[in-house]
Amino acid sequence: MSQENILEIENLVMHFGGIKALNDVTFDIKRGSVSALIGPNGAGKTTVFNCLTGFYKATGGGIMLNAGDKPTSVIKVLGEKFKGSDLVSPAAFFERVKYKMFGGSHLVNRAGLARTFQNIRLFKEMSVVENLLVAQHMIVNRSMLAGILNTESYKKTEEEALQRAFYWLEVVHLTEFANRLAGELSYGQQRRLEIARAMCTNPEIICLDEPAAGLNPSETEALASMIRVLRDEHNTTVLLIEHDMGMVMNISDYIVVLDHGEVIAKGGPEDIKSNPKVIAAYLGAEEGEDVTL
Amino acid sequence: MSQETGINIGSSIKDTIIAGLLALIVFGPVVGVLLDGYEFIARIDDVVWIVAIVMAGRFAISVFVQTESGKKFVYRQLTKEDGVSVTAPDYKSKMRYIIPIVIVIGLIAPFIASKYVLTVVILGLIYVLLGLGLNIVVGLAGLLDLGFVGFYAIGAYGLALGYEYLGLGFWSMLPLAAIMAGVAGAVLGFPVLRMHGDYLAIVTLGFGEIIRLVLTNWTEFTHGPNGVSAPLPTLFGLEFKRRSSDGTPFHEFFGLSYDSAFKYIFIYLVLFLVVLAVLYVKHRLTRMPIGRAWEALREDEIACRSLGLNHVLVKLSAFTLGASTGGIAGVFFATYQGFVNPSSFTFFESALILAIVVLGGMGSTLGVVIAAFVLTVAPEMLREFADYRVLMFGILMVVMMIWKPRGLVRVTRKGFATRKGVMK
Ligand SMILES: Nc1ncnc2c1ncn2[C@@H]1O[C@H](COP(=O)(O)OP(=O)(O)OP(=O)(O)O)[C@@H](O)[C@H]1O
Ligand SMILES: [Mg+2]
């Protein structure tokens, strides 16, 4: 297991019928970094996220997640087709059957990858705290009997879950809204709550899809410092999609640029800023024309 | 005509005439024409009465909403907050006082009430159980299940056939039926719960019908439309019959003279305790991880998956628990009727249970209890109008959807006191 890279994406291909959303996308994400995935509208950024969080089954390529105690192949846990070689190897066959029946994107989260969505997906008719409690489903005591009898050990884990929820509410400055319905919050608050909810699953890497969309400049500033807190205090690797170039250049250690389903550049902010291909893709200009980001 | 004087009789009369014409179109063919062999009998007077009532009502409403208090009423109705709300952390529900009173009344009632009232209340309680079961599936987990009656039938036939073929009595079948219905729910659920909304509704509708058709047509095993008799419960082996083939019956043991009400009192008491237990479990479930997961799944399945919840298993647990509650209700229904046949398990029954859940307020426990009694006890009380039962049912649904689209009882969520946040 590679200690250096938490995520390794290799030759990822995703086709929707005739639409080639991703052709051969390859990049690695370093553990403990803040990385950004940028590109013009429709470049395929959200599609990359959906593939690596297991919501789309990639048409081809590999995704390795080096988190938890062992590396996870995202393609495998979603359930693959049976192969001829399964006939001679019962172990491989049963593993495939297991993932076909019980596999799915939830296993990617359990392996240590959490995400937020471009179009916010909160549990709108549940309270803010409850949103965070649901996220801790895999951590709390799920025994039906203990819960119904309200045993001491059950109460203890529930209390711990509540404390963890309030911890994250403090981080995203939503403590005073704890008992409001998630759907009643303002747009910026909902975005922050979604990040807190994803963090409640104790991930090693968090993927944020346009976290600054719809935020005003001061909110964006607060978000940037929050992202730094995630990396510095919680050792969480952050991968984000963002259109706000100021913020991207400001906080990212590493940037991958996507256009028409292909990686056209990757590197540090300085390299990207001056890369003529990137400038051309963003401004629709011919290569070599003199434009600046 | 000035705006301030308010009441505009002309427009009220116009509304009244339109309502009258609509009533004529709706009720004319339904009420006014009676088929008698190949002949029609016109019943003009009934139609006239109904249309007159509708017109009078429409006129009254039309005038009322133009008065000052009427305007206020309409304003209040339109601006009312009717959604979900979160209670304050230190909020204590008034139910604390109401529940003990209801329990005491419920335990005393059977010894005072007449046998007829008792049978009606037993029926009401059976529907409370059914409503609670379906409420887990539809109200909490958001899975539209149109074949819930299938699990009810499994419970009822489980008791009747278990007694006939295996000699199992009420007490052994009560848990067994819950398990059987739960297993049936799981077996049906595992393949179909990957589907969404409409597809799931169609598959479950089919399941309910298949169960009924199997019960009707597998005559060697189920006696088909003739039905099967079901045993009564026993009290530590004492039977509630006039004469018992083995052992002394209940009334002889206690030196009482035989009264057929005894068995209803006993069924009622057992049922009452089971309903209380189910209510308690349901109350706990909504505050437990699994209950929260159900509701989260109803709100957003994709977000649930992104948080590591296995959506199929979460749905399956809701489906299974709902089904086993339905199975328990079936056992009580069979023992209460003493006889089951397939005609008790038609689609109309599924629709009625669904109506209980919707009227009560999706996910609201209290709402389900009230709605179950309204929808089962009211038709019994209004026996004279039995022909119009479905019609009244429809009117009630329409009225509810206009005034209280989110159900009778507003859903509240528990608030949590602010704590010091701690990591790990
Ligand atoms: N489920 C789908 N079915 C068909 N086509 C899809 C699907 N999802 C994405 N696409 C296509 O893939 C391409 C990339 O879309 P994607 O959402 O990844 O873009 P994006 O880079 O996230 O854009 P934006 O910045 O606007 O969010 C688009 O052409 C889109 O139409
Ligand atoms: Mg996108």
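Keep in mind that what you see is a predicted model, and the values were worked out from it rather than measured.

A. Examining unusual backbone geometry more closely. Residues and elements named next belong to chain A. A positive phi angle, near 55 degrees, is found at histidine 173, a position not held by glycine. Summarising the element assignment, histidine 173 is placed in the loop between α7 (152–171) and α8 (187–199). On the basis of relative accessibility, which here comes to 53%, the residue histidine 173 falls in the exposed class. A positive phi is found at glutamate 210, a non-glycine position, where the angle reads about 50 degrees.

B. Representation of the domain arrangement of chain B in the model. The domain architecture assigned to chain B consists of domain 1 (2–70) and domain 2 (98–351). Computed over C-alpha atoms only, the centres of domain 1 of chain B and domain 2 of chain B are separated by 42 Å.

C. Representation of the interface of chain B and chain A in the model. Between chain B and chain A, the contact holds 42 residues from the first and 50 residues from the second. Roughly 4300 Å² is buried in total at the junction of chain B and chain A, and carbon and sulfur atoms are behind 61% of that figure. Linking chain B to chain A there are four salt bridges. We note a salt bridge from aspartate 300 of chain B to arginine 121 of chain A, for which the minimum N-O separation is 3.0 Å. Inspection of the region where chain B meets chain A yields 13 residue pairs in polar contact (both at pLDDT 80 or more). Breaking the side of chain B that touches chain A down by element, the ones donating at least two residues are α11 (261–285), α12 (289–299), α13 (301–306) and α14 (311–337) of chain B. Take the side of chain B that touches chain A: its biggest share by element is seven residues, from α12 of chain B.

D. Quick peek at the coordination of the magnesium ion (ligand 2). Residues and elements named next belong to chain A. Protein coordination of the magnesium ion (ligand 2) is provided by Thr46 (OG1) and Gln118 (OE1), with donor distances spanning 1.9 to 2.1 Å. Placement of threonine 46 in helix α1 (residues 45–52) and of glutamine 118 in the loop between β6 (113–115) and α5 (128–135) is noted, with a sequence separation of 72 residues between them. By relative accessible area, which is 24% here, threonine 46 ends up partly exposed.

E. A look at the site of ligand 1. Residue and element names in this part refer to chain A. Neighbouring ligand 1 are 13 residues; Lys45, Thr46, Thr47, Gln118 and His243 lie closest to it. Here an oxygen atom of ligand 1 and a backbone polar atom of alanine 43 are 3.2 Å apart. Measuring from an oxygen atom of ligand 1, one finds a side-chain N or O atom of glutamine 118 at 2.8 Å. Summarising the interface, the protein chains cover 66% of the accessible area of ligand 1, which totals 630 Å² for the free molecule. Sorting elements by how many residues they give to the shell around ligand 1 places α1 first, with three residues. Looking at the shell around ligand 1, its residues break down into four nonpolar, seven polar and two charged.

F. Highlighting the domain arrangement of chain A. Residues and elements named next belong to chain A. Assigned domains within chain A: domain 1 (1–112 + 203–293) and domain 2 (123–201). Of note, the centres of domain 1 and domain 2, computed from C-alpha atoms alone, are 27 Å apart. Summed over both partners, the interface of domain 1 with domain 2 comes to about 1300 Å²; 72% of that surface belongs to carbon and sulfur atoms. Together, Pro203, Met226 and His234 form the three largest contributors to the area buried by domain 1 at its contact with domain 2, with a combined 35%. Viewed at the interface, domain 2 and domain 1 are joined by zero salt bridges. Between domain 1 and domain 2 we count two residue pairs in polar contact (both at pLDDT 80 or more) in total. Those elements giving two or more residues to the side of domain 1 that touches domain 2 turn out to be α4 (105–110), β7 (205–209) and α9 (217–234). No other element matches α9, which puts five residues into the side of domain 1 that touches domain 2. In terms of residue class, the side of domain 1 that touches domain 2 is made up of nine nonpolar, four polar and four charged.

About the cut-offs
Residues numbered from 1 in each chain as written. Chains lettered and ligands numbered in written order. Predicted model: local features only at pLDDT ≥ 70, side-chain atom pairs only at ≥ 80, totals over all residues. Heavy atoms only, no water. Helix = DSSP H or I, 4+ residues; strand = E, 2+ residues; numbered from the N terminus. Buried < 20%, exposed > 50% of the residue type's maximum accessible area, 1.4 Å probe, protein only. Domains from an automatic or database assignment. Contact = heavy atoms within 4.5 Å. Buried area = accessible area lost by both parts, 1.4 Å probe. Salt bridge = Lys/Arg side-chain N within 4 Å of Asp/Glu carboxyl O. Polar contact = N/O pair within 3.5 Å; in protein donor to acceptor, adjacent residues only side chain to side chain. Donors = N, O, S within 2.8 Å, 3.2 Å for Na, K, Ca; no water. Near = heavy atom within 4 Å. Areas by Shrake-Rupley, 256 points an atom, 1.4 Å probe, with all protein chains shown as cover. Nonpolar A, V, L, I, M, F, W, Y, C, P; charged D, E, K, R; others polar.

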